[in-house]
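Breakdown of the fold
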Amino acid sequence: MPFEILHKHSETEQDRKDLYGWGDGIDMWDVWELRVKWLPQTHHFIGYEDGNAVAHAGTLRHVVRHKGNDLCLGGLKSVLTAPEARGKGYGSKVIRAATDHMAQELSVDFGLLFCKESLLEFYADLGWEHVANDVLIIHPEDGKKPWPREVMIYKVGPTEWPIETIDLDSFPW
């Protein structure tokens, strides 16, 4: 059976078992030390190989107010490929499906993702750009504070990315 991607509004219990069951007790995204709370995704792009969920990218739509204007962001989150399916391009495929959905269906100005430095090149190869300005998040213990790691954007429309601090006024994704 060939690889296929399904767009869902929620994961099934079997999807979760296939995608995350191998990582019980493991910090899959290397974020536990940040002690943040996460916004939930509203769309799931799940890649299946032989009927098993092996890759995932989640999205959400988030609007921020910046300098008196709305800036519509498509959050990319929870990107994962199961260990046995890595090296086949499945992660890139679910990211492209999620990015296309943000641009075409969610009507965003930019995609935005939070990642670690070791993934900058991977996402850059898919058209994402590293940005250096601070992005403020709400931290459950410390209130508003800058995201401490890397931020990348995916330009969708003609709007230019602001060079000033962006206040998400929310938890990260």
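Up top you'll find the structure we're talking about.
Source: prediction; values computed, not measured. (Residues numbered from 1 in each chain as written. Predicted model: local features only at pLDDT ≥ 70, side-chain atom pairs only at ≥ 80, totals over all residues. Heavy atoms only, no water.)

This paragraph deals with the overall build of the protein. Looking only at helices and strands, the protein has three helices and ten strands in total. When its C-alpha atoms are laid out on the principal axes, the protein stretches across 50 × 35 × 30 Å. Looking at the 173 residues of the protein, the share that counts as buried comes to 49%. Across the protein, the fraction of contacts at a sequence separation of at least 24, relative to all contacts at a separation of at least 6, is 72%. About 8,900 Å² of surface is accessible on the protein, with carbon and sulfur atoms providing 49% of the total. In the protein, 18 side chains carry a positive charge and 28 a negative one; their mean positions are 2 Å apart. (Helix = DSSP H or I, 4+ residues; strand = E, 2+ residues; numbered from the N terminus. Buried < 20%, exposed > 50% of the residue type's maximum accessible area, 1.4 Å probe, protein only. Contact = heavy atoms within 4.5 Å. Areas by Shrake-Rupley, 256 points an atom, 1.4 Å probe, with all protein chains shown as cover. Lys, Arg positive; Asp, Glu negative; His and termini not counted. Charge placed at Lys NZ, Arg CZ, Asp CG, Glu CD.)

The next subject is helix H1 (residues 13-20). Restricting attention to buried positions, one finds in H1 the residues Asp 15, Asp 18, Leu 19 and Tyr 20. Down the axis of H1, the sector holding all buried residues measures 165°, keeping them to one side. Those residues of H1 that are exposed and angled more than 90 degrees off the buried face are Glu 13 and Lys 17. Residues of H1 that are buried make contact with strand S1 (4-8), strand S2 (43-49), strand S3 (52-66) and strand S4 (69-81). (Arc of directions from axis to C-beta.)

Once that is clear, we can look at the sheet that holds strand S10 (residues 166-167). The strand order S8-S7-S10 describes an open sheet built from three strands, whose pairing is mixed. One side of each edge strand has no neighbouring strand; the edge strands of this open sheet are strand S8 (143-146) and S10. By the bridge criterion, two bridges tie strand S7 (residues 135-139) to S10 in an arrangement that is parallel. Among the inter-strand pairings, Leu 136 is bridged to a residue of S10, identified as Asp 167. (Pairing = 2+ DSSP bridges.)

Under the 1.5 Å per step criterion, the end-to-end length of helix H2 (residues 90-104) is 21 Å for 15 residues, consistent within 8% with the ideal 21 Å. Among the residues making up H2, those that are buried are Tyr 90, Gly 91, Ser 92, Val 94, Ile 95, Ala 98, Thr 99, His 101 and Met 102. (Expected span 1.5 Å × (residues − 1).)

Okay, the sheet that holds S3 next. Across the sheet, which stays open at both edges, the seven strands sit in the order S1-S2-S3-S4-S5-S9-S6 with mixed pairing between neighbours. Sheet topology places S1 and strand S6 (129-131) at the edges, where each strand pairs with a single neighbour. Each strand axis lies, on average, 30° off the axis of its neighbour in the sheet, ignoring direction. Here S4 pairs with strand S5 (residues 110-115) via three bridges, running parallel. (Axes fitted to C-alpha atoms, helices over the stretch in contact; angles between N-to-C directions.)

On to the environment of Glu 84, then. One can find Glu 84 in the loop between S4 and H2. As a C-alpha pair, Glu 84 and Val 54 span 30 residues in sequence and 8.1 Å in three-dimensional space.

Right, let's get into the side chain of His 44. Its location among the elements puts His 44 in strand S2. The class of His 44 is buried, set by a relative accessible area of 6%. Side chain to side chain, His 44 and His 56 meet in a polar contact 2.8 Å long. Filtering out sequence-adjacent residues up to four positions away, His 44 remains in contact with Leu 6, His 7, Lys 8, His 9, Ser 10, Glu 11, His 56, Ala 57 and Gly 58. (Polar contact = N/O pair within 3.5 Å; in protein donor to acceptor, adjacent residues only side chain to side chain.)

In this section: the environment of Glu 141. For Glu 141, the location among the structural elements is in the loop between S7 and S8. Separated by 16 residues in the primary sequence, Glu 141 and Asp 125 place their C-alpha atoms 35 Å from one another. At 3.0 Å, the side chain of Glu 141 forms a polar contact with the side chain of Arg 35.

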